[in-house]
Amino acid sequence: MPAARNPVAVRSILGSGLGIALFSSAVFGLSGSFAKALLETGWSPGAAVTARLTGAALILAVPAVLALRGRWHQLRDNWVTIGLFGLIGVAACQLFYFNAVARLSVGVALLLEYLAPVLIVLWLWGASRKRPRASTFAGTLLSLAGLVLVLDFTGAVKIDLIGVLWGMAAAVCLAIYFFITAKENESLPPIVLASVGLMVGAAVMWLTAATGLLPMAFSTADTKLGPWVTPWWVSLAGLIVLATVLAYVSGIMAARALGSKVASFVSLTEVLFAVIWAWLLLGELPGAIQLLGGVLIVGGVILVRLDELRGDGGTGAAGKAAALDHANDVEPVP
């Protein structure tokens, strides 16, 4: 009977690459809420990012060493990719995103960061002087229109322009990340790139803190998550274990099961999960105009992604954009 097959179908979906990809998006979406809970008690964005990267790097170091199996030359052969990934794709991207979260709602900050594919299209368009195909062009315009609605300049609550700049800076870093990881690389296991990239990012954060360039403020005050008041380490553990370690590992598993292009499509649900988590845990919910803008941004990115799939092997800006796949099957950490 159909009703009897439903539990089996649900288990099949959850056990498939699609279920893993959705789980990855769900736990990735928690990062903004856990981070903001810490920021509201006195943590600085730099301190939250540093603690997140350091804890996750230490945990992922074990599977990374096992994946290397003594082939340490892989680190030497890929030191440029690892360094750029750790500096821009991990440290800078997260620091800028957390600075945006400190001034904006989690949903708005993440939507700004997810404009990265649109920035790539605009850059390739300017560099090649060739107009993208119709779908990519329409998706870009749709996302830019969504950005205007998300910013909601005519709304009763004025949006923080400094926070917007931080969010756009995170989008630029994410776009650069796609360029960094676009080169095919069969010699470096994804878990190794993730682990060592986190180590590089953590080292950069500690170094900038030691030189006084990055303010570092920690707090042991209790954090508030939804109706619960919890010790500070609960939010920090959630940020490290759930929103980083499990998110990375499940993201890699999903990319291997579905292929990196399909997995990157599913990862767009992170925006939805982030908004839901922020609503449940922080009581934040973007206004109706901003939610409409978010729908337009995600819809525009989907159009760009669909055009990339159709344009594999093509020429011009769309063909070049198609090459910006997650070749290493590693998702950025927002």
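A brief structural summary. These figures come from a predicted structure and were not determined experimentally.

1. A closer look at the nonpolar core
Part 1: In this structure, W43, L53, Y97, L112, V192 and L198 are the most contacted members of the largest nonpolar core, which totals 81 residues.
Part 2: Look past the residues within four positions of V192 in its chain and what remains in contact with it is A64, A67, L68, L75 and G197.

2. What about the packing of aromatic side chains?
Part 1: Within the structure shown, the criterion is met by six aromatic pairs.
Part 2: Taken together, a centroid distance of 6.2 Å and an interplanar angle of 65° make the contact between F28 and Y248 edge-to-face. Of the two residues, F28 is situated in helix α2 (residues 17-28) and Y248 in helix α12 (residues 232-258); the sequence distance between them amounts to 220 residues.
Part 3: What makes Y248 buried here is its relative accessible area of 1%.
Part 4: In this structure an aromatic cluster arises from ring pairing among W43, F218 and W232.

3. Re a nonpolar patch on the surface
Part 1: Side chains of L272, I276, W279, L280, L285 and L291 sit close together on the surface and give an oily, nonpolar patch of about 580 Å² of accessible area.
Part 2: In terms of residues, the nonpolar patch owes the most to one element, helix α14 (residues 269-282), which gives four residues.

4. Focus on the packing of helix α4 (residues 45-68) against helix α11 (residues 190-210)
Part 1: One way to put it is that α4 packs onto α11 with a least axis distance of 7 Å and a crossing angle of 145°. Where α4 crosses over α11, the two elements pack in a sense that is left-handed.

5. A few points about the packing of α11 against α12
Part 1: Orientation of α11 relative to α12, taken along the N-to-C sense of each, is 150°, at an axis distance of 10 Å. With respect to α12, the axis of α11 lies roughly antiparallel. The crossing of α11 and α12 is right-handed. For the pair formed by α11 and α12, the contact residues are P190, I191, A194 and L198 on the first element and Y248, V249, I252 and R256 on the second.
Part 2: Counted by class, the contact of α11 with α12 contains seven nonpolar, no polar and one charged residues.

6. Things to note about helix α8 (residues 116-128)
Part 1: Compared with the 18 Å implied by 1.5 Å per residue over 13 residues, the 18 Å span of α8 between its first and last C-alpha is a close match.
Part 2: If you check which residues of α8 are buried, you get A116, P117, V118, I120, V121, L124 and S128.

7. What about the pattern of salt bridges?
Part 1: Applying the stated criterion across every chain, the model contains two salt bridges.
Part 2: The shortest N-O distance in the salt bridge between E284 and K36 comes to 2.8 Å. Linking E284 in the loop between α14 and α15 (288-310) with K36 in helix α3 (residues 31-39), this pair joins segments that are 248 residues apart in sequence. Across this residue pair, the class does not change: E284 and K36 are buried.

So, how was this worked out
- All residue numbers here refer to positions counted from 1 along the written sequence of the relevant chain.
- The predicted origin of the model limits local features to residues at a pLDDT of at least 70 and limits the giving and counting of side-chain atom pairs to 80 or more, whereas totals for whole chains, interfaces and linings rest on all residues.
- Excluded from the side-chain calculations are hydrogens and water; all other atoms, namely the structure's heavy atoms, are used.
- Residues belong to a common nonpolar core when they are buried Ala, Val, Leu, Ile, Met, Phe, Trp, Tyr or Cys residues joined through side-chain atoms within 4.5 Å.
- Each residue gets one of three labels from its accessible area relative to the maximum for its type: buried under 20%, exposed over 50%, partly exposed in between, using a 1.4 Å probe on protein chains only.
- In this description, contact between two residues means that some pair of their heavy atoms is separated by no more than 4.5 Å.
- Classification of ring pairs rests on two measures: the distance between centres of Phe, Tyr or Trp rings, Trp counted by its six-membered ring, which must be within 6.5 Å, and the angle between planes, read as stacked under 30 degrees, edge-to-face over 60 and tilted in between.
- Numbering of helices and strands starts at the N terminus; helices are DSSP runs of H or I of at least 4 residues and strands are runs of E of at least 2.
- A patch consists of residues whose relative accessible area exceeds 30% and which take part in no salt bridge; residues with like charges are grouped when within 9 Å of each other, and nonpolar side chains (Val, Leu, Ile, Met, Phe, Trp, Tyr) when within 5 Å.
- Per-residue and other accessible areas follow the Shrake-Rupley method at a 1.4 Å probe size, with only the shown protein chains counted as cover for residues.
- We count a salt bridge whenever a side-chain nitrogen from Lys or Arg sits within 4 Å of a carboxyl oxygen from Asp or Glu.
- All axes here are fitted lines through C-alpha atoms, helices being fitted over the stretch that makes contact, and every angle between N-to-C directions spans 0 to 180 degrees.
- Note on convention: the crossing is left-handed when the near helix lies turned anticlockwise from the far helix by less than a right angle, right-handed when the turn is clockwise.
- Note that the term roughly parallel is reserved for angles under 35 degrees, roughly antiparallel for angles over 145, roughly perpendicular for angles of 65 to 115, and oblique for everything else.
- Under this grouping Gly is polar, as are all residues other than the nonpolar Ala, Val, Leu, Ile, Met, Phe, Trp, Tyr, Cys and Pro and the charged Asp, Glu, Lys and Arg.
- Under the convention used throughout, the expected extent of a helix is 1.5 Å for every residue step, that is, one less than its residue count.

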